[in-house]
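# Residue-level structure breakdown
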Amino acid sequence: MSSKRTVDLITEAFSEVMSNRRKYELKKPNGELLKELYFPPLTRYDRMQAQAATGTDDALAISTRLLCQLAQNEDGTKAFHSADAENLKRFLPETVLNEIELFMMDIKLDIDTAKKD
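We now turn to the structure provided with this report.

What counts, and at which threshold
Residues numbered from 1 in each chain as written. Predicted model: local features only at pLDDT ≥ 70, side-chain atom pairs only at ≥ 80, totals over all residues. Heavy atoms only, no water. Phe/Tyr/Trp six-rings, centres within 6.5 Å; stacked < 30°, edge-to-face > 60°. Lys NZ or Arg CZ within 6 Å of the ring centre and 35° of its normal. Core = buried A, V, L, I, M, F, W, Y, C linked by side-chain atoms within 4.5 Å. Buried < 20%, exposed > 50% of the residue type's maximum accessible area, 1.4 Å probe, protein only. Helix = DSSP H or I, 4+ residues; strand = E, 2+ residues; numbered from the N terminus. Contact = heavy atoms within 4.5 Å. Salt bridge = Lys/Arg side-chain N within 4 Å of Asp/Glu carboxyl O.

According to the stated counting rule, one finds two aromatic pairs in the structure shown. Following the ring pairs from residue to residue traces out a cluster consisting of Y24, F39 and F103. One cation-aromatic arrangement involves R22 over F103; the distance from NZ or CZ to the ring centre is 4.2 Å.

Here it is in structure tokens:
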């Protein structure tokens, strides 16, 4: 019989997963690499922090805040400041922001199939 608490067993089992980052290659409109962004796994805590910081339940505001909160440079430093969310929302095509945020949330979505449904 294990003497460890269930929460300890679960968090230890996923500790390696939590240290893995996924790389997103942001490309210019011409297809040339612009910037590599790195994302750690998204946690419930991250979502709650972003929601509290935005002060709203609006999913788009929260997801852009999460992007600014989680995106990292290769060396692990933050790629954005929290104040960058407004510029990202105002000056990027929504399709670009959607693509990055879906990657960050590890959501695989075929937009063309979704439009048909």
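Core analysis: the largest hydrophobic core is formed by 17 residues, its most contacted members being F39, L67, F80 and I100. Ranked by residues supplied to this core, first place goes to helix α4 (residues 59-70) with five residues. Beyond its immediate stretch of four places on either side in the chain, I100 contacts Y24, L26, L37, F39 and L67.

Going through the model one piece at a time under the given rule, you end up with nine salt bridges. Two residues, K23 and E36, come together in a salt bridge whose shortest N-O distance is 3.5 Å. Taken together, the residues K23 in strand β1 (residues 22-27) and E36 in strand β2 (residues 33-39) connect sequence positions 13 residues apart. K23 gets classed as partly exposed once you look at its relative accessible area, which sits at 41%. As a salt-bridge pair, K89 and E86 come within 3.0 Å of each other at their nearest N and O atoms. With K89 and E86 both in helix α5 (residues 84-91) and three residues apart, this pair spans about one turn of that helix. Classification of K89 by relative accessible area gives partly exposed; the value is 36%. Taken together, the shared-partner salt bridges connect R22, D106 and K108 into one network.

Backbone geometry places D106, a non-glycine residue, at a positive phi of 60 degrees. One can find D106 in the loop between α6 (94-104) and α7 (111-116).

Turning to the environment of M18, a few remarks are in order. When you line up the elements, M18 lands in helix α2 (residues 15-19). With relative accessibility at 40%, the residue M18 sits in the partly exposed group. Counting along the chain gives 23 residues from M18 to P41, while the straight-line C-alpha distance between them is 5.9 Å.

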